[in-house]
Amino acid sequence: RIAMQWAGEKELRSLSESIGEAASKPGRDEAFFQTWLATAQILQNPMIVSPDDKTPTYRRERKIDAGFIEHLARDPNRPAVLRSLSIRLLQNLESPANHKLLQESALDPDSELSVEAIRRLTDSPHPESHSILLQLAEDQSRDTSIRTEAIAALAGRPHPSLASLLDDPEPDIQLETARSLRGLRENSTVIEKTLHMLNDSQEVPKESRLRSQLEFLADPEKTVRPDTLEGWQLLLETGGDPEAGRRVFFSQQLACSSCHTAEGRGHKLGVGYGSGFMALPLGPDLSHIGAAASRDVLIHSIVRPSDTIAPEYQGWFVKLKDGSSHYGREIDQERNGIQMVMLDGNERSYPTEQIDTWGAMENSLMPDGLPQSMSIEEFRDLIVYLENLK
């Protein structure tokens, strides 16, 4: 990695082939991959110097070539870990070639490659993506980890047929299915199945994790919750499943990863590569949050997010003379206007002559009421997942 960094800093393009060969050797990890991408970014876009040496030196906008990522993801000679990390950065998911790659990778026997492809199928607008995920979710010959990822990926557009998986012999499949069906609370088939299971105490014991999920699916308003921070901290002080918590964090319902990143995943907002690599997120990277925050602090940050706001993640507002208000993270002040990263991830400039007033928000960009969007078991799982990120 040090040699690679040196090659990048010195812009030694003659070493590009050697770097590529080194990347195919066993034992490569995500840190190596990120170093390789940063080096490739430089070598693909070297410094430009004017021939007369009189004009300033400048650099082109340095973006990773989409074809570079696609070729790496397709190369069967590369380690599966590097291919899966490349799939994470894949663009143009709806193109026939990239959709075929995701489909083949999702069905690949290598679980690491399959899981990453399933996660990207969640983002794909291709019309076949939904049917592929449904096929994987219902295939009992597949590993449980693959099926739960497919079910989680379907949460944004669940199909009533998923209700049959509430009877699956695998508890994790039942739990993930109950959460993913929340978008179909008005569907008679789903509710009938849910209420039937809740009425059968032998099938779903009173204190089981599944009952908690089913009750939240049937009627979230009936879930009794603490009304104080201390009550939440006492209720959630122990227990939880970190793997389930990972799925909660990246779920479409809770959308933590729309503002945060963890373990190299998440929707990074703002400027950067077209792939999102090294872009500006709205919230902090939580990949090591468990080393910095106790369980009680993590619970506090979710129950009352506005109590403590890090200066670098301060939210800002701009109120325009037309009466409209806009919110995001300020990234630049200029004499002629203000630039912000908006909540949808886009950058926007507001000319000074259009601005009535602007300033720091009193509340956090992280919304209040997140505990009400989860079952109590999900909240517990999320906390233990974050606690284990060290």
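One structure accompanies this document, and this report is about it.

Analysis parameters
Residues numbered from 1 in each chain as written. Predicted model: local features only at pLDDT ≥ 70, side-chain atom pairs only at ≥ 80, totals over all residues. Heavy atoms only, no water. Helix = DSSP H or I, 4+ residues; strand = E, 2+ residues; numbered from the N terminus. Rg over C-alpha atoms; globule rule 2.2 N^0.38 Å. Buried < 20%, exposed > 50% of the residue type's maximum accessible area, 1.4 Å probe, protein only. Contact = heavy atoms within 4.5 Å. Areas by Shrake-Rupley, 256 points an atom, 1.4 Å probe, with all protein chains shown as cover. Core = buried A, V, L, I, M, F, W, Y, C linked by side-chain atoms within 4.5 Å. Expected span 1.5 Å × (residues − 1). Polar contact = N/O pair within 3.5 Å; in protein donor to acceptor, adjacent residues only side chain to side chain. Phe/Tyr/Trp six-rings, centres within 6.5 Å; stacked < 30°, edge-to-face > 60°. Lys NZ or Arg CZ within 6 Å of the ring centre and 35° of its normal. Axes fitted to C-alpha atoms, helices over the stretch in contact; angles between N-to-C directions. Parallel < 35°, antiparallel > 145°, perpendicular 65-115°, else oblique. Nonpolar A, V, L, I, M, F, W, Y, C, P; charged D, E, K, R; others polar.

**Details of the overall build of the protein chain**
Here's step 1: The helix and strand tally for the protein chain stands at 17 helices and nine strands.
Here's step 2: In terms of C-alpha radius of gyration, the protein chain reaches 24 Å, essentially the compact-globule figure of 21 Å for 390 residues.
Here's step 3: Along the first, second and third principal axes, the C-alpha set of the protein chain runs to 85 × 55 × 40 Å.
Here's step 4: For the protein chain, the proportion of its 390 residues judged to be buried stands at 46%.
Here's step 5: For the protein chain, restricting intrachain contacts to residue pairs at least 6 apart in sequence, the fraction spanning at least 24 positions comes to 62%.
Here's step 6: Carbon together with sulfur atoms contributes 49% to the accessible area of the protein chain, which is approximately 19,800 Å² in total.

**With respect to the nonpolar core**
Here's step 1: With 53 residues, the main nonpolar core has Phe33, Trp36, Ile118, Leu181 and Leu214 as its most contacted residues.
Here's step 2: When near neighbours in sequence (up to four residues on either side) are disregarded, tryptophan 36 contacts Met4, Ile19, Gly20, Ala23, Phe68, Leu72, Arg78 and Leu82.
Here's step 3: Counting 24 residues, the second-largest nonpolar core is a separate cluster that includes Trp232, Leu236, Val248 and Cys256.

**Let's talk about helix H7 (residues 111-123)**
Here's step 1: A rise of 1.5 Å per residue sets the reference length of H7, with its 13 residues, at 18 Å; its end C-alpha atoms lie 19 Å apart and thus fit the reference within 8%.
Here's step 2: Of the residues making up H7, those classed as buried are Leu113, Ser114, Val115, Glu116, Ala117, Ile118, Arg119, Arg120 and Leu121.
Here's step 3: Those residues of H7 that are buried are in contact with helix H5 (80-88), helix H6 (96-106), helix H8 (129-138), helix H9 (144-153), helix H14 (242-249) and strand S4 (265-266).
Here's step 4: For H7, the capping residue at the N-terminal end is aspartate 110, with a side-chain oxygen 3.1 Å from the backbone nitrogen of glutamate 112.

**Things to note about the packing of aromatic side chains**
Here's step 1: Applying the stated criterion to the full structure yields five aromatic pairs.
Here's step 2: Ring plane angle 55 degrees and centroid distance 5.8 Å describe the contact between phenylalanine 249 and tyrosine 385, whose orientation is recorded as tilted. With phenylalanine 249 in helix H14 and tyrosine 385 in helix H17 (residues 376-387), this pair connects stretches of sequence that are 136 residues apart. Pair check on accessibility: phenylalanine 249 and tyrosine 385 agree, each one buried.
Here's step 3: Over the ring of phenylalanine 216 we find arginine 185; its NZ or CZ atom is 5.4 Å from the centre of that ring.
Here's step 4: Sitting above the plane of the phenylalanine 250 ring, arginine 265 keeps its charged end 3.7 Å from the centroid.

**Focus on the environment of isoleucine 19**
Here's step 1: Its location among the elements puts isoleucine 19 in helix H2 (residues 16-22).
Here's step 2: A C-alpha to C-alpha distance of 9.1 Å links isoleucine 19 and alanine 40, two positions 21 residues apart in sequence.
Here's step 3: What isoleucine 19 contacts, discounting residues up to four positions off in sequence, is Met4, Ala7, Trp36, Thr39 and Leu43.

**Digging into the side chain of histidine 126**
Here's step 1: One can find histidine 126 in the loop between H7 and H8.
Here's step 2: With relative accessibility at 15%, the residue histidine 126 sits in the buried group.
Here's step 3: Discounting chain neighbours no more than four positions away, the residues touching histidine 126 are Glu94 and His99.

**Things to note about unusual backbone geometry**
Here's step 1: The backbone of glutamate 11 shows a phi angle near 55 degrees, a positive value even though the residue is not glycine.
Here's step 2: By secondary structure assignment, the location of glutamate 11 is in the loop between helix H1 (2-9) and H2.
Here's step 3: The phi dihedral of asparagine 92 is positive, around 50 degrees, even though this residue is not glycine.
Here's step 4: Note that asparagine 92 resides in the loop between H5 and H6.

**Some details on the packing of H7 against H9**
Working note: a packed helix pair is described by the angle between its axes plus the distance between those axes.
Here's step 1: Orientation of H7 relative to H9, taken along the N-to-C sense of each, is 5 degrees, at an axis distance of 9 Å. When the axis of H7 is compared with that of H9, the two are roughly parallel. For the pair H7 and H9, the contacting residues are Ser111, Ser114, Val115, Ile118, Arg119 and Thr122 in the first and Ile146, Glu149, Ala150 and Ala153 in the second.
Here's step 2: Tallied by class, residues from the contact of H7 with H9 come to five nonpolar, three polar and two charged.

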